[in-house]
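# Per-entry structural report
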Amino acid sequence: MKPAQERIRAAVAASLPPGYGAITRWSRPRQGDWSWMFEAETGGAAPATLLVKVPRWEEATDLGSALNAGPQKDTEEEYRALEAIAAAVAAAGDPGLTAVVPVAYVREVNAVVTERLRAVPLHDRLGRTRGSDAATLFQRVGRWLRIFHATSDQQLVPFEAGQFERLADAGHRGALGDSIAAVAAVARVRSGRPVSVGVLHGDLSLRNVLVTIDDRVAVIDPNRYRGRIAGDAAHLLTEVRLGRCQLITSGAFRPRSRVEQLAVGIIDGYPEIDPGALAFERAVAAVKRWVEVEERTKGIARLALLPARRLFKSEVGALLRQP
């Protein structure tokens, strides 16, 4: 085992509560976009599978440099957020929800340790789930969001249209430019209206929502930044409607009518979200994703953008027409 991995294993073993016992198996690291993940098996009275997450960032390109950087405030705050979520979900007593069990924040190696939840990502369930069952899962996502947002202070503040004016001034042309201008125009109409802001999950994706075998819902990897509360639900629904397969097929894989059922499900679970605000935030998320797709697609691959552009234009227009 390499020195950095040995250091992580030793630090984690020393930080575990006594009931977990000794680590009996330690996996090789699995590198993701923003972390390294290890699995550890423990041999206590009730053996458990633990997930050990060591964050990575642009200045920490390998495990050694990440460990040498020392403890990071963001990582510890992520762990404290997991503790707060677990406590809030338990207090809610909602049988449709669950949470990962936080085990330790290991300052010595800046690692978050949790018990592995036996569940699959929502992404894996959507393709095998009937429409009504999927709407039920999204209602549970809405209930989870309602609990999560309540763990931090929420405020009503006047809606500000400035960021949308700057986006409209960025010089995008064609259908994308027209769609951005349409979003900015609606933003001006909404300017000054009270809007609820709070700490968002920040990356509510189909892979970060987990579903257990009995259909309980949990959410992992909160990024935690302040924003308009409808933004989390908008992020998830935009991925459902405008994911890669959707863009290639002009949305045939998940028709708009089905995605609207999922949006209704979220609002059923989180009635404080205004449907009009959610539709607007989805339009915002759609144009931001459109910009991202245009910027990262190069060369001959841009020919594949034709069906994607049709879907983006249609989706933004439909969302902005919602009251």
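Everything below is about the structure shown above.
Residues numbered from 1 in each chain as written. Predicted model: local features only at pLDDT ≥ 70, side-chain atom pairs only at ≥ 80, totals over all residues. Heavy atoms only, no water.

## Describing the overall build of the chain
Stated formally: To qualify as a helix, a DSSP run of H or I must reach at least 4 residues; to qualify as a strand, a run of E must reach at least 2; elements of each kind are numbered from the N terminus. For each residue, the accessible area found with a 1.4 Å probe, counting protein chains only, is set against the maximum for its type, and the residue is called buried under 20%, exposed over 50%, and partly exposed in between. The contact criterion used is simple: two residues touch if any of their non-hydrogen atoms lie within 4.5 Å. In short, Shrake-Rupley with a 1.4 Å probe defines the accessible areas, and a residue's cover is counted only from the protein chains shown. Charge assignment in this entry is limited to Lys and Arg as positive and Asp and Glu as negative, and neither His nor the chain termini are counted. For the purpose of locating charges, the reference atoms are NZ of Lys, CZ of Arg, CG of Asp and CD of Glu.
From N to C terminus, the chain includes 12 helices and 12 strands. For the chain, the spread of C-alpha atoms along the principal axes amounts to about 60 × 45 × 40 Å. Looking at the chain as a whole, 50% of its 323 residues qualify as buried. Long-range pairs, those at least 24 residues apart, make up 68% of the contacts in the chain with a sequence separation of at least 6. Accessible surface, the chain: about 15,800 Å² in total, of which carbon and sulfur atoms supply 52%. Averaging the coordinates of the 44 positive side-chain charges in the chain and doing the same for the 37 negative ones gives two points 5 Å apart.

## Quick notes on the sheet that holds strand S8 (residues 155-158)
The cut-off we apply is this: Two strands qualify as a pair provided DSSP detects at least 2 bridges between them. For helices, the axis comes from a line fit to the C-alpha atoms of the stretch in contact; other axes are also lines fit to C-alpha atoms, and the angle between any two N-to-C directions lies between 0 and 180 degrees.
The three strands are arranged S8-S9-S12 in an open sheet whose pairing can be described as antiparallel. Strand pairing shows two members of the sheet lacking a second neighbour, S8 and strand S12 (225-228), which therefore form its edges. Ignoring which end each strand starts from, the neighbouring axes of this sheet average 40° apart. Note that S8 and strand S9 (residues 194-200) share four bridges and pair antiparallel. Considered in S9, the bridge of Gln155 is made with Val197.

## Notes on helix H3 (residues 73-92)
For the record, the criterion: In this scheme, a helix's expected span is set at 1.5 Å multiplied by one less than its residue total.
Between the first and last C-alpha of H3 there are 28 Å, a value that for 20 residues agrees with the 28 Å anticipated at 1.5 Å per step. One or two residues past the end of H3 sits Gly93, with phi positive at roughly 65°.

## A closer look at the side chain of Thr238
Topologically, Thr238 is positioned in helix H8 (residues 230-242). You can call Thr238 buried: its relative accessible area is 7%. The contact partners of Thr238, leaving out residues within four places of it in the chain, are Gly243, Arg282, Ala285, Ala286 and Arg289.

## As for the side chain of Ser35
Here Ser35 is to be found in strand S3 (residues 35-42). If we skip the residues at most four places from it in the chain, Ser35 touches Arg30, Lys53, Val54, Pro55 and Arg56.

## As for unusual backbone geometry
In the Ramachandran plot, Asn110 falls in the positive-phi region, its phi being about 50° despite a non-glycine side chain. Despite not being glycine, Ser250 has its phi angle at roughly 55°, a positive value. Along the chain, the position of Ser250 falls in the loop between helix H9 (244-248) and helix H10 (256-269).

## Things to note about the packing of H8 against helix H11 (residues 275-296)
In plain terms, the rule: In what follows, roughly perpendicular refers to angles from 65 to 115 degrees, roughly parallel to angles under 35, roughly antiparallel to angles over 145, and oblique to any angle outside these ranges. Crossings are classed by handedness, with left-handed meaning an anticlockwise turn of the near helix from the far one by less than a right angle and right-handed meaning a clockwise turn. Under the scheme applied, nonpolar residues are Ala, Val, Leu, Ile, Met, Phe, Trp, Tyr, Cys and Pro; charged residues are Asp, Glu, Lys and Arg; polar residues are all the others, including Gly.
As a packed pair, H8 and H11 sit with axes 8 Å apart at the nearest point and diverge in direction by 55°. The orientation of H8 relative to H11 falls into the category oblique. Crossing geometry of H8 relative to H11 is assigned as right-handed. Side by side, H8 and H11 meet where Ala230, Gly231, Ala233, Ala234, Leu237, Thr238 and Leu242 of the first sit next to Ala277, Leu278, Glu281, Arg282, Ala285, Ala286 and Arg289 of the second. Looking at the contact of H8 with H11 residue by residue, the classes come out as nine nonpolar, two polar and three charged.

## Re the sheet that holds strand S7 (residues 119-121)
In spatial order, the strands read S7-S10-S11; together these three strands make up an open sheet with antiparallel pairing. Edge positions in the sheet fall to S7 and strand S11 (217-219), since each has one partner strand and no second. Across this sheet, the average inter-strand angle for adjacent strands is 35°, counted without regard to direction. With three bridges joining them, strand S10 (residues 209-212) and S11 adopt antiparallel strand pairing. For Val209, the partnering residue across the bridge sits in S11 and is Val219.

## Some words on the pattern of salt bridges
Opposite charge on two side chains makes pairing possible when the charged atoms of those side chains draw close. Applicable threshold: Just to be clear on terms, a salt bridge is a Lys or Arg side-chain nitrogen sitting within 4 Å of an Asp or Glu carboxyl oxygen.
Counting across every chain of the model gives 24 salt bridges. Here Glu76 makes a salt bridge to Arg107, at a shortest N to O gap of 3.2 Å. Of this pair, Glu76 sits in helix H3 while Arg107 sits in the loop between strand S5 (102-106) and strand S6 (111-115), and the two are 31 residues apart along the sequence. The exposure class of Glu76 is partly exposed, given its relative accessible area of 23%. Residue class for Arg107 comes out partly exposed when judged on its relative accessible area of 46%. Here the salt bridges share partners, and the residues they tie into one network are Arg241, Arg256, Glu260, Arg282 and Glu315.

## Examining the nonpolar core
Selection rule: We define a nonpolar core as any set of buried Ala, Val, Leu, Ile, Met, Phe, Trp, Tyr and Cys residues linked to one another through side-chain atoms lying within 4.5 Å.
Counting residues in each nonpolar core, the largest one holds 36 residues, and the members touching the most others are Phe138, Trp144, Leu237 and Leu278. Those elements that provide at least two residues to this core are H3, helix H4 (122-126), helix H5 (131-150), S10, S11, H8 and H10. The leading source of residues in this core is H5, at eight residues. Setting aside chain neighbours within four positions, we find Phe138 in contact with Leu122, Leu126, Leu236, Leu237, Val240, Leu262, Gly265 and Ile266. Membership of the second largest hydrophobic core comes to 27 residues, among which are Phe159, Leu176, Leu305 and Leu311.

## Observations concerning the packing of aromatic side chains
Here is the rule: For this analysis, a ring pair means two rings from Phe, Tyr or Trp (six-membered ring only for Trp) whose centres lie within 6.5 Å, classed as stacked if their planes differ by under 30 degrees, edge-to-face if by over 60, and tilted for the remaining angles. In this analysis the charged atom, NZ for Lys or CZ for Arg, is taken to sit over a ring once it is within 6 Å of the ring centre and within 35 degrees of the ring normal.
The final tally for this structure, using the stated rule, is six aromatic pairs. Residues Phe159 and Phe164 carry aromatic rings whose centres are separated by 5.8 Å and whose planes lie at 10° to one another, so their mutual orientation is stacked. Under the relative-accessibility criterion, Phe164 is labelled buried at 2%. Aromatic pair Trp290 and Phe312: ring centres 5.2 Å apart, planes at 10°, arrangement stacked. In this pair, Trp290 sits in helix H11 while Phe312 sits in helix H12 (residues 305-321), placing the two residues 22 residues apart along the sequence. Classification of Trp290 by relative accessible area gives buried; the value is 1%. One aromatic cluster is present, formed by Phe159, Phe164 and Phe280 through successive ring pairs. Above the ring of Trp36, the side-chain terminus of Arg56 is found at 5.5 Å from the ring centroid.

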